[in-house]
Structure formats: structure tokens, C-alpha cells
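# Structure assessment
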Amino acid sequence: LYRADHGKIRIIARGATFAALVSEAFDQIRDAADGNAAVYARLLTALETISGQIPHETRRAALRGQIELVAQDAGRTLESEYNRRRIGERLAEIDGKLPRSGL
């Protein structure tokens with residue numbers, strides 16, 4: 001973003017990166033979801049939906065990173081085998097639609 005005064009550039013402001021925006025949007029929710037399979041499932045659905053709309057590979061990588069964090073947190077905090085299996089199945093579905101790209 002450029003700000004000019006009488007034709008001269010005075011300020012060059014850099015906006016947040018896509019990865020930073022993804023972190024801002026999902027980190028606190030994911031952190032607060034400890035042990036809640038329903039919240040993890042909704043996060044995965046949201047990330048999958050957004051991924052389907054993003055053609056830019058670097059941005060998809062940021063979403064993939066967030067999906068991997070959900071997988072780690074779910075694996076660490078879900079006590080029920082049923083819930084771990086359910087989230088694992090959901091992750092496998094997403095993995096088939098959003099192939100890894102060097103992450």
C-alpha cells in the first residue's frame with residue numbers, strides 16, 4: 001500500500017502475509033479446541049473449503065500447514081479412539097484432495 005503526498009511517495013505499508021492471516025484466523029480456535037473432535041472437524045472443513053478456492057500454491061501450503069497442526073493437536077488431545085479415528089478419516093479425505101507440496 002502506497003501513500004502519496006503531492007505526487008511523492010511518503011509511506012510504503014506492507015500488509016499481512018496470507019500465512020499470517022491464516023494463523024490469525026485459526027491458531028486460537030485450534031488451541032482452544034483441545035480434546036473437542038467437533039471443533040477439529042469444523043476447522044478441517046473450513047480449511048478444505050478455503051483450499052479449494054485458492055489456486056496459488058504458496059497459499060495452499062499455508063493452509064496445509066494449518067491442517068497438519070490440527071492433525072497434531074487432535075492426535076495429542078483426543079482421548080476417544082472413536083474420535084481419533086473419525087478425525088483421521090477426515091484428514092485422509094482432505095489429503096486426497098489437497099496433495100502435499102514439499103511440506
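For the structure, see preceding data.
Attention in this report is confined to the structure presented alongside it. On a predicted model such as this, the values are computed, not experimentally measured, just so you know.

## Considering the pattern of salt bridges
Going through the model one piece at a time under the given rule, you end up with nine salt bridges. In this structure, arginine 30 and aspartate 73 form a salt bridge, with 2.8 Å as the shortest nitrogen-oxygen distance. Linking arginine 30 in helix H1 (residues 18-32) with aspartate 73 in helix H3 (residues 57-77), this pair joins segments that are 43 residues apart in sequence. With relative accessibility at 7%, the residue arginine 30 sits in the buried group. According to the relative accessible area criterion, aspartate 73 is buried, its value standing at 10%. Two residues, arginine 90 and glutamate 48, come together in a salt bridge whose shortest N-O distance is 2.4 Å. One end of the pair, arginine 90, is in helix H4 (residues 81-97); the other, glutamate 48, is in helix H2 (residues 37-53), with 42 residues separating them in the sequence. This pair shows no difference in class: arginine 90 is buried, exactly as glutamate 48 is. Through salt bridges with shared partners, a single ionic network connects Asp27, Arg30, Asp31, Asp34, Asp73 and Arg76.

Rules used throughout
Residues numbered from 1 in each chain as written. Predicted model: local features only at pLDDT ≥ 70, side-chain atom pairs only at ≥ 80, totals over all residues. Heavy atoms only, no water. Salt bridge = Lys/Arg side-chain N within 4 Å of Asp/Glu carboxyl O. Helix = DSSP H or I, 4+ residues; strand = E, 2+ residues; numbered from the N terminus. Buried < 20%, exposed > 50% of the residue type's maximum accessible area, 1.4 Å probe, protein only.

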